[in-house]
Amino acid sequence: MVPGVKQRVVLLGPPASGKGTQADRISAAVGLPHLSTGALLRIESRRGSDIGRKAEAYTIRGELVPDEMAVELVTGWMSENGCRFLLDGFPRTLSQAVSLDAALESRNALLDLIIILELGEEAIRSRILNRISCLVCGATFSAGLHGYEEGEPCPRCRTPLARRKDDTETALSQRLEAYRSQTLPVLAYYERTVPGILHRIDGEQESDAVFTEVSALIGGKPTRSA
Ligand code: AMP
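Predicted model, so just to flag it, every value in this text is computed and none were measured.

Caption draft 1: Spatial organisation of helix α8 (residues 169-193). The first and last C-alpha atoms of α8 sit 35 Å apart over 25 residues, in line with the 36 Å expected at 1.5 Å per residue. At T183, α8 shows its largest bend, some 35°, and a proline, P185, comes one to four positions later.

If you want it as structure tokens, here you go:
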């Protein structure tokens, strides 16, 4: 762990704003555990577990899974792994934010920082509809930009690359609607209850530029730029 790093960080933003990519890089650079509720749900779906099957009925349509399911994933993770984290994609509803506050309070902890990666709708659509992902390690690539195609091995872990089942026009419209109607109120909630905790970064910049800004907010001196 790198000294001076914020201990409890939330990373939010619309689909394809770069949350997963930045969280991976930060986690590798400063040793803060990366917890992505979307990634945990995809692992469960691939396993075919009960929770995975239930979750997929929502995720495939671009809807949020029920709050209890998302909260249980996060509080279960905290019970096993402790109270230092880079939370990617949680809390996404007001009810989840209130549950997170309560879970932290019961552990005598507070959130240190919330980062919002902002991205316009045109960029979101173009990124999502061109996106190819590794459904195992979570790496993402732009078919246009990086030249990868579905079925080619992931350069990180060799799993065949694929499109996420929710990276479709129809699911994307629903994901954008969920972001507007359910997640934007979470930002207003934190701006009201913890003034100064929330920072916005332009997610349309190059990934390295975003990483520099995110690193500066999280603090510590990254051991490598990942
Ligand atoms: P993501 O990988 O963050 O884009 O999430 C993919 C999908 O997982 C979302 O569209 C939701 O269906 C589900 N999901 C992820 N995080 C949450 C959350 N905090 N609350 C509810 N659903 C979530």
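Caption draft 2: Main features of the packing of aromatic side chains. Enumeration over the complete set of coordinates arrives at two aromatic pairs. Arranged with centres 5.1 Å apart and planes meeting at 65°, the rings of Y189 and Y190 form a pair that is edge-to-face. Here Y189 matches Y190 in class, with each residue buried. Lying over the aromatic face of F211, R25 brings its terminal NZ or CZ to 4.3 Å of the ring centre.

Caption draft 3: Summary view of the site of the ligand. Around the ligand, a shell composed of 16 residues is seen, among which T37, R42, E63, R92 and Q96 lie nearest. Isolated, the ligand exposes 490 Å² of accessible area, and the fraction of that covered by the protein chains is 96%. With four residues, helix α2 (residues 37-47) is the largest single contributor of residues to the shell around the ligand. Of the residues contributing to the shell around the ligand, the split by class is five nonpolar, five polar and six charged.

Caption draft 4: Structural detail: the packing of helix α1 (residues 19-30) against helix α9 (residues 207-218). Packing of α1 against α9 leaves a shortest axis separation of 10 Å and a crossing angle of 55°. Judged by the angle between their axes, α1 and α9 are oblique. Along this stretch, α1 crosses α9, giving a crossing that reads as right-handed. Contacts between α1 and α9 involve T21, Q22, R25, I26 and A29 on the former and, on the latter, S207, D208, V210, F211, V214, S215 and I218. Residue classes in the contact of α1 with α9 are distributed as six nonpolar, four polar and two charged.

Caption draft 5: Quick look at the pattern of salt bridges. The final tally for this structure, using the stated rule, is 18 salt bridges. Taking the shortest distance from any N to any O, the salt bridge between R125 and E169 comes out at 3.1 Å. In this pair, R125 sits in helix α6 (residues 121-130) while E169 sits in helix α8, placing the two residues 44 residues apart along the sequence. Classification of R125 as partly exposed rests on a relative accessible area of 25%. Ionic pairing is found between R164 and D166, a salt bridge with its closest N-O pair at 3.0 Å. Side by side, R164 and D166 carry an identical accessibility label, which is buried. Salt bridges here are not isolated pairs; linked through shared partners, they connect E121, R125, E169, E177 and R180.

Parameters at a glance
- Residues numbered from 1 in each chain as written.
- Predicted model: local features only at pLDDT ≥ 70, side-chain atom pairs only at ≥ 80, totals over all residues.
- Heavy atoms only, no water.
- Helix = DSSP H or I, 4+ residues; strand = E, 2+ residues; numbered from the N terminus.
- Expected span 1.5 Å × (residues − 1).
- Bend = angle between axes of the 7 residues up to and from the residue.
- Phe/Tyr/Trp six-rings, centres within 6.5 Å; stacked < 30°, edge-to-face > 60°.
- Buried < 20%, exposed > 50% of the residue type's maximum accessible area, 1.4 Å probe, protein only.
- Lys NZ or Arg CZ within 6 Å of the ring centre and 35° of its normal.
- Near = heavy atom within 4 Å.
- Areas by Shrake-Rupley, 256 points an atom, 1.4 Å probe, with all protein chains shown as cover.
- Nonpolar A, V, L, I, M, F, W, Y, C, P; charged D, E, K, R; others polar.
- Axes fitted to C-alpha atoms, helices over the stretch in contact; angles between N-to-C directions.
- Parallel < 35°, antiparallel > 145°, perpendicular 65-115°, else oblique.
- Left-handed = near helix turned anticlockwise from the far one by under 90°.
- Contact = heavy atoms within 4.5 Å.
- Salt bridge = Lys/Arg side-chain N within 4 Å of Asp/Glu carboxyl O.

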